[in-house]
Amino acid sequence: IAGITQAPTSQILAAGRRMTLRCTQDMRHNAMYWYRQDLGLGLRLIHYSNTAGTTGKGEVPDGYSVSRANTDDFPLTLASAVPSQTSVYFCASSELAGSGELFFGEGSRLTVL
Amino acid sequence: GQNIDQPTEMTATEGAIVQINCTYQTSGFNGLFWYQQHAGEAPTFLSYNVLDGLEEKGRFSSFLSRSKGYSYLLLKELQMKDSASYLCAARNSGNTPLVFGKGTRLSVIA
């Protein structure tokens, strides 16, 4: 089934550890996004990429990095995890940059202890 | 800056009609989107308005007033499966990503 695949689905991580959340799409969409969702705060944009080879910062980029080496993959890295990064992370894509119709992955639940 | 406001929670009765409001303040506004998110699942796209007026899609309709910075999502003939969070999101001009409101959790009761 075409769509977006995120891995891992769930992870418990010790503070200070490095972690990469993987995101792959097979729809050949140009734009990809990483959001985090926290109770009471809604979806907040971390980083985005309008096309392969480019990235941009969202509302809450600190502590996170991304890369977009090709169209399909958009990994999110936490260089040194902290407890405040405990959240549900959603990867999304859209056919064109700036499009409002986003397709979301199933999410990655991350707990940092 | 951008600001999107919607009620935190709403409760409605099965078979009834409910209206979820959203107000927004953005620069370079270029469209208002509604997403549905069931508990523990990913958001899914529901509707899109860029011009003033009502867009109808089955039991769901969405309205936009650009001059008032206001939108609503109207759900008719409510069903238990409509219990979910409804996310309002605004798009600005250019290639900037969507900005989401905090979502409205709707509970449909018998």
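Look above for the structure.
Keep in mind it's a predicted model, so treat the numbers as computed, not measured.

Rules of the game
- Residues numbered from 1 in each chain as written.
- Chains lettered and ligands numbered in written order.
- Predicted model: local features only at pLDDT ≥ 70, side-chain atom pairs only at ≥ 80, totals over all residues.
- Heavy atoms only, no water.
- Salt bridge = Lys/Arg side-chain N within 4 Å of Asp/Glu carboxyl O.
- Buried < 20%, exposed > 50% of the residue type's maximum accessible area, 1.4 Å probe, protein only.
- Core = buried A, V, L, I, M, F, W, Y, C linked by side-chain atoms within 4.5 Å.
- Helix = DSSP H or I, 4+ residues; strand = E, 2+ residues; numbered from the N terminus.
- Contact = heavy atoms within 4.5 Å.
- Disulfide = S-S within 2.5 Å.
- Phe/Tyr/Trp six-rings, centres within 6.5 Å; stacked < 30°, edge-to-face > 60°.
- Pairing = 2+ DSSP bridges.
- Axes fitted to C-alpha atoms, helices over the stretch in contact; angles between N-to-C directions.

A. Molecular detail of the pattern of salt bridges. All names here are of chain A. Using the criterion set out here, one finds six salt bridges over all chains in the structure. Of the charged contacts, one joins D38 and R36 as a salt bridge, the two residues approaching to 2.8 Å between their closest N and O atoms. Grouping residues by exposure puts D38 and R36 together as buried. A cluster of three or more residues bridged by salt bridges with shared partners is formed by R36, D38 and R44.

B. Just the nonpolar core, in detail. Residue and element names in this part refer to chain B. Core analysis: the largest hydrophobic core is formed by 21 residues, its most contacted members being L32, W34, L73, L75, L78, Y86 and L106. Of all the secondary structure elements, the ones that give two or more residues to this core are β3 (18–25), β4 (29–37), β7 (60–65), β8 (70–75), β9 (84–92) and β11 (104–109). Residues in contact with L78, not counting those within four places in the same chain, are A12, T13, E14, G15, A16, V18, R59, L106 and V108.

C. Local environment of the state of the cysteines. Residues and elements named next belong to chain A. Taken as a whole, this structure holds two disulfides over all chains when the rule is applied. There is a disulfide in this structure between C23 and C91, and the S-S distance comes to 1.9 Å. Residues C23 and C91 are joined through a disulfide that is left-handed, its torsion about the S-S bond being -75 degrees. In this pair, C23 sits in strand β3 (residues 19–25) while C91 sits in strand β9 (residues 87–94), placing the two residues 68 residues apart along the sequence. Take C23: its relative accessible area is 2%, and that puts it in the buried class.

D. Structural context of the packing of aromatic side chains. Evaluation of the coordinates by the stated rule reveals 15 aromatic pairs over all chains. When the ring of Y24(B) is compared with that of F29(B), the centres are 4.4 Å apart and the planes differ by 20 degrees; the resulting orientation is stacked. Judged by its relative accessible area of 8%, Y24(B) is buried. Connected via pairs of aromatic rings, a cluster forms that spans Y33(A), Y35(A), F90(A), F104(A), F33(B), Y35(B), F45(B), Y48(B) and F100(B).

E. Representation of the sheet that holds strand β8 (residues 76–78) of chain A. Residue and element names in this part refer to chain A. Taken together, four strands build an open sheet; the order of strands is β1-β3-β8-β7 and the sheet is antiparallel. The sheet is open, and its two edges are formed by β1 (4–7) and β7 (64–66), each paired on a single side. Mean inter-strand twist for the sheet, computed between neighbouring axes without regard to direction, equals 15 degrees. Two strands pair when backbone bridges link them, and β1 and β3 are joined in this way by four bridges, in the antiparallel orientation.

F. Summary view of the sheet that holds strand β1 (residues 3–5) of chain B. Residues and elements named next belong to chain B. With antiparallel pairing, the five strands of this open sheet are ordered in space as β1-β3-β8-β7-β6. Bordering the open sheet on either side are β1 and β6 (53–57), each of which pairs with just one other strand. Neighbour-to-neighbour, the strand axes of this sheet turn through a mean angle of 15 degrees, independent of strand direction. Pairing geometry for β6 and β7, over five bridges, is antiparallel. In the sheet register, G53 faces β7, and the bridge partner there is L64.

G. A look at unusual backbone geometry. Going from A7(A) to P8(A), the amide bond is cis rather than trans, its omega being -5 degrees. By the element assignment, P8(A) lies in the loop between β1 and β2 (10–13). Although it is not a glycine, R28(A) sits at a positive phi angle of roughly 60 degrees. Considering the arrangement of structural elements, one finds R28(A) in the loop between β3 and β4 (31–38). Despite not being glycine, E77(B) has its phi angle at roughly 45 degrees, a positive value. Inspection of the secondary structure puts E77(B) in the loop between β8 and β9. The exposure class of E77(B) is exposed, given its relative accessible area of 55%.

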